[in-house]
Amino acid sequence: MNSRVGYVHGHHSSVLSSHRTRTARDSAAYLLPHLSADQRLLDVGSGPGTITCDLAELVGSVAALEMNQDALALTLAEAQRRGFAIEGHVGDIHALPLPDDSFDVVHAHQVLQHVADPVQALAELRRVCRPGGLVAVRDSDYHGFVWTPADPLLDRWLELYDVAARERGGEPDAGRHLQRWAREAGFTEVEASSSTWCWSTPDKCAWWGDMWAERILHSAIHEQLIAGGHSTADELDEIAAAWRRWGQDPNAWMSLLHGEVLARV
């Protein structure tokens, strides 16, 4: 099993530009009160490393794991830029190349929605976390996203995203399943919560609309949707234009739901 059956977003610059805006404050606030300077933390699916480095400011040491060397290089480049010595690993989340009981905290943000077997993945996160330690996961719930103004083409975007994610073996509504998955992975002490990202100001909505227009036209999902016969280049052009229109609307607003779990080992 690959750690990600097929990462639906890919690593196009439009995707990375979005991921690089993420911080521990806006993406891991539920975890931050539990961190301390004496802890060793593993960040699984560390991506471009912005959250990883924020966490490194709060704990004693950090290791990062990614699906391949190219993805890990993004994390390590950000760590070098910010002056952190982060230990890097490449491996499969279903069979982590790490010893049992290695970390005080194991963190994964926006990862379980992309894996073949989230329960097995959580069992592995539990295995490498020491007794008494904490596993923290946060994932989107795409059908919990809401926006205004309404546009049938944005409804179609969500429909196509769902098709693409599930075709690659993922679960785009992972956020709502985290608590159940954690219990099935053997955790008995599980605290589930939720939080949102909200886009409401003109500059943020314009950026978000332009970013998704670029992603639907140029990232991995574009090729997948056309190659699979799910959409056409013309339709995706129309969806991209709809995203740009949404971003320019003075009344644009969007809330993105995420599920969260803190699971004690």
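Residues numbered from 1 in each chain as written. Predicted model: local features only at pLDDT ≥ 70, side-chain atom pairs only at ≥ 80, totals over all residues. Heavy atoms only, no water.

A. Focus on unusual backbone geometry. In the segment running from Thr148 into Pro149, the intervening peptide bond is cis, with an omega of 0°. For Asp101, which is not glycine, the phi dihedral falls at a positive 55°. Structurally, Asp101 is set in the loop between strand E3 (87–90) and strand E4 (103–109). Residues other than glycine seldom take positive phi values, yet Gln110 does so here, at roughly 60°. Residue position: Gln110 is located in the loop between E4 and helix H5 (118–127). (Helix = DSSP H or I, 4+ residues; strand = E, 2+ residues; numbered from the N terminus.)

B. Local environment of the pairing of E4. Counting buried positions over the seven residues of E4 gives seven, a clear majority of the element. The pairing of strand E1 (residues 40–44) with E4 spans four bridges and is classified as parallel. By the bridge assignment for E4, Val44 is matched with Ala108. One ladder, built from six bridges, connects E4 with strand E5 (residues 129–140); its direction is parallel. Across the sheet, Val106 pairs through a bridge with Val135, a residue of E5. Between the parallel elements E4 and E5, the chain passes through H5 in a crossover that is right-handed. (Buried < 20%, exposed > 50% of the residue type's maximum accessible area, 1.4 Å probe, protein only. Pairing = 2+ DSSP bridges. Right-handed = clockwise from strand over helix to strand, strands pointing away.)

C. View of the UniProt feature "domain: Methyltransferase type" (unreviewed entry) in the protein. What UniProt calls "domain: Methyltransferase type" (unreviewed entry) maps, in this numbering, to residues 42–136. Helix makes up 33% of residues 42–136 and strand 29%. Its end C-alpha atoms lie 10 Å apart. (UniProt positions renumbered as here; feature names shortened; annotations may be inferred.)

D. Looking closely at the pattern of salt bridges. Per the counting criterion, the structure on display carries 19 salt bridges. Residue Asp210 pairs with Arg244 through a salt bridge whose shortest N-O separation is 3.2 Å. You can see Asp210 sitting in helix H8 (residues 202–218) and its partner Arg244 sitting in helix H10 (residues 233–248), a full 34 residues away along the chain. Within the structure, one salt-bridge network assembled from shared partners comprises Asp54, Glu57, Glu78, Arg81 and Arg82. (Salt bridge = Lys/Arg side-chain N within 4 Å of Asp/Glu carboxyl O.)

E. The arrangement of helix H6 (residues 152–167) in detail. Taking 1.5 Å per residue, 16 residues should reach 22 Å; H6 reaches 22 Å between its end C-alpha atoms and fits that length. For H6, the full list of buried residues reads Leu154, Trp157, Leu158, Leu160, Tyr161, Asp162, Ala164 and Ala165. The inward-facing, buried residues of H6 contact strand E6 (146–148), H8, helix H9 (220–227) and H10. Sitting at the amino-terminal end of H6 is Asp151, which places a side-chain oxygen 2.8 Å from the backbone nitrogen of Leu153. With its phi angle positive at about 90°, Gly169 sits one or two positions after the end of H6. (Expected span 1.5 Å × (residues − 1). Contact = heavy atoms within 4.5 Å. Polar contact = N/O pair within 3.5 Å; in protein donor to acceptor, adjacent residues only side chain to side chain.)

F. H5, seen in detail. All of the buried residues in H5 are Pro118, Val119, Ala121, Leu122, Glu124 and Leu125. At its buried positions, H5 is contacted by E1, E4, E5 and helix H7 (178–184).

G. Just the environment of Ala24, in detail. Along the chain, Ala24 falls in helix H2 (residues 24–27). The exposure class assigned to Ala24 is buried, which follows from its relative accessible area of 4%. A C-alpha to C-alpha distance of 5.7 Å links Ala24 and Asp54, two positions 30 residues apart in sequence. The residues contacting Ala24, other than those within four sequence positions of it, are Ala29, Leu32, Ile51, Asp54 and Leu55.

H. Structural view of the packing of H6 against H9. Here H6 crosses H9 at 85°, and the two axes come no closer than 10 Å. Judged on the interaxial angle alone, H9 and H6 are roughly perpendicular. Taking contact as the criterion, the partners of Leu160, Tyr161, Ala164 and Glu167 in H6 are, on H9, Ile221, Gln224 and Leu225. (Axes fitted to C-alpha atoms, helices over the stretch in contact; angles between N-to-C directions. Parallel < 35°, antiparallel > 145°, perpendicular 65-115°, else oblique.)

I. Structural context of the packing of aromatic side chains. Applying the stated criterion to the full structure yields 13 aromatic pairs. With a centroid separation of 4.5 Å and 35° between ring planes, the pair formed by Tyr142 and Phe145 is classed as tilted. Among the residues examined, Tyr142 registers a relative accessible area of 6% and is labelled buried. With 6.5 Å between their ring centres and 35° between their planes, Trp157 and Tyr161 make a pair best called tilted. Here Trp157 and its partner Tyr161 are both found in helix H6, four residues apart, which amounts to about one turn of the helix. For Tyr161, a relative accessible area of 1% translates into the label buried. One aromatic cluster in this structure is built from Tyr142, Phe145, Trp147, Trp157, Tyr161, Trp212, Trp243 and Trp246. Looking at Arg126, its charged tip hangs above the ring of Phe187, at a distance of 5.6 Å from the centre. Sitting above the plane of the Trp212 ring, Arg215 keeps its charged end 4.2 Å from the centroid. (Phe/Tyr/Trp six-rings, centres within 6.5 Å; stacked < 30°, edge-to-face > 60°. Lys NZ or Arg CZ within 6 Å of the ring centre and 35° of its normal.)

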